[in-house]
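# Close look at the chain arrangement
Each chain is listed here by its residues.
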Amino acid sequence: APAAAAPAPAAAAPAPAAAAPAPAAVAPAPAAAAGRIVATPYAKKLAKKHKVDINTVRGTGLNGRITAIDIETAAGVPPTPKAGAAPAAAPAKAAPAAAKAAPVAPPAPVGTITPLAPMQAAVAKNMLPSLSVPVSRVAMKICTDEFDKLYATLKPKGVTMTALLTKAVGVALAQHPLMFSTYVDGQGIIYNDKVNIAVAVALPSGLITPVLKDTAGTDVYQLGRDWSALVKKARGSGLAPADYAGGTFTISNMGMFGVSAFDAILPPGQTAILAVGGSEKTVVPVNGMIGVKTIMTVNCTADHRHVNGDVVAAFLVTLKETIENPSSLTL
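Residues numbered from 1 in each chain as written. Predicted model: local features only at pLDDT ≥ 70, side-chain atom pairs only at ≥ 80, totals over all residues. Heavy atoms only, no water.

### Topic: the overall build of the chain
For the chain, the helix and strand inventory stands at 7 helices and 13 strands. Residue pairs at least 24 apart in sequence account for 61% of intrachain contacts in the chain once pairs closer than 6 positions are excluded. As displayed, the chain has an accessible area near 20400 Å², and 62% of this comes from carbon and sulfur atoms. (Helix = DSSP H or I, 4+ residues; strand = E, 2+ residues; numbered from the N terminus. Contact = heavy atoms within 4.5 Å. Areas by Shrake-Rupley, 256 points an atom, 1.4 Å probe, with all protein chains shown as cover.)

### Here we look at the nonpolar core
Core analysis: the largest hydrophobic core is formed by 48 residues, its most contacted members being Val169, Phe249, Phe315 and Leu316. Ranked by residue count, the leading element in this core is helix H5 (residues 161-173), at 7 residues. Once residues lying within four places of it in the same chain are set aside, the contact partners of Phe315 are Val169, Ala172, Leu173, His176, Met179, Phe249 and Cys300. In terms of nonpolar packing, the next biggest core, distinct from the first, is built from 10 residues, Val52, Ile54, Val57 and Ala68 among them. (Core = buried A, V, L, I, M, F, W, Y, C linked by side-chain atoms within 4.5 Å. Buried < 20%, exposed > 50% of the residue type's maximum accessible area, 1.4 Å probe, protein only.)

### Some points on unusual backbone geometry
At Asp214, a position not held by glycine, the phi torsion is positive, near 50 degrees. One can find Asp214 in the loop between strand S9 (211-212) and helix H6 (220-235). Phi is positive for Asn287, which is not a glycine, with a value near 50 degrees. Position of Asn287 among the secondary structure elements: in the loop between strand S12 (280-286) and strand S13 (289-303). Overall, the relative accessible area of 78% leaves Asn287 in the exposed class.

### Re the pattern of salt bridges
In this structure the tally under the stated criterion is 6 salt bridges. Ionic pairing is found between Arg137 and Asp263, a salt bridge with its closest N-O pair at 3.8 Å. Taken together, the residues span a long stretch of sequence, with Arg137 in strand S3 (residues 135-143) and Asp263 in the loop between strand S10 (249-253) and strand S11 (272-276) at a distance of 126 residues. Of the residues examined, Arg137 reaches a relative accessible area of 48% and is grouped as partly exposed. Here Arg305 makes a salt bridge to Asp303, at a shortest N to O gap of 2.8 Å. By relative accessible area, which is 2% here, Asp303 ends up buried. (Salt bridge = Lys/Arg side-chain N within 4 Å of Asp/Glu carboxyl O.)

### Looking at the side chain of Ser252
Note that Ser252 resides in strand S10. For Ser252, a relative accessible area of 13% puts it in the buried group. Residues within four places of Ser252 in sequence aside, it is in contact with Ala200, Phe262, Ile273, Leu274, Ala275 and Val276.

### Digging into the packing of aromatic side chains
The final tally for this structure, using the stated rule, is 1 aromatic pair. Residues Phe249 and Phe315 carry aromatic rings whose centres are separated by 5.8 Å and whose planes lie at 65 degrees to one another, so their mutual orientation is edge-to-face. A residue pair is termed long-range when its members are at least 10 positions apart, and Phe249 in strand S10 and Phe315 in helix H7 (residues 309-324) qualify at 66 residues. Assessed through its relative accessible area of 0%, Phe249 is described here as buried. (Phe/Tyr/Trp six-rings, centres within 6.5 Å; stacked < 30°, edge-to-face > 60°.)

### Let's talk about H5
Helical geometry: 3.6 residues make up each α-helical turn, so side chains three or four residues apart lie on a common side. The terminal C-alpha atoms of H5 lie 18 Å apart, and with 13 residues this matches the ideal 18 Å at 1.5 Å per residue to within 8%. The buried count for H5 comes to 10 of 13 residues, which makes it a mostly enclosed element. Among the residues making up H5, those that are buried are Ala163, Leu164, Leu165, Thr166, Lys167, Ala168, Val169, Gly170, Ala172 and Leu173. (Expected span 1.5 Å × (residues − 1).)

Now the structure itself:
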């Protein structure tokens, strides 16, 4: 009890018993209002079920209302779960720890110089001359929904995605001769009559670029056969010099690796290279509403000594139109 209510000193008469301080924890008063028991309907039902005299139960609910739990406590039975209550979820088992990847051992003794494979040595030799050329880079997003539908119909006929993409690029390049021309340092430009496209292929021994000849003038089915033969040779007996010579434009496609966009290095002696990223489902505006389309990003790197950025942009616009409306590619 509060200090002010403490009993008087011993000399004083003790306070009447009725004035004794109340215990600290006072039980709630019986739930009655003007002689009426205040209880929930379910509590009254449980009281009858368990034969509990509801007049003797003290309520713990709002304003002393008797609840179901009060009746069950008085009857000495466990509380009934609430209707609709989900059972307690069992503790989730800990996910097994992912196996730690073992480090890959170097293919040669650490700290020693390992000579490059001849193919990779040729790539290394060409890198510095390539980086000495001033370039511009222009990117564009292209919807591939119709292109993918066309590919689905051509794939059973032996046409690979590389052959179809090369055909589309060749058709677009044919309308922009400067994009597959050859710059002669200090002299001028040589225009080429055929769109010969080199396609980058990664091999264990390095990077090689087999060339598909006259991609604008060759039908897509023949390009499919030509490309399959080149890949077979590259992975088998090897390509002859004629198989990777004469390219007037290059394509590097890394979409199969999940790469969305990247820059490619301009090959020596060529005007431009097209870096092709993977297609991705993308939310875009469609006729004033929201829609989903398959979008890929292409990035063109071009020799800025004779090709300005607007020329590259014009070529990409043509390529975009060709890929988004690809019906002419099978003619």
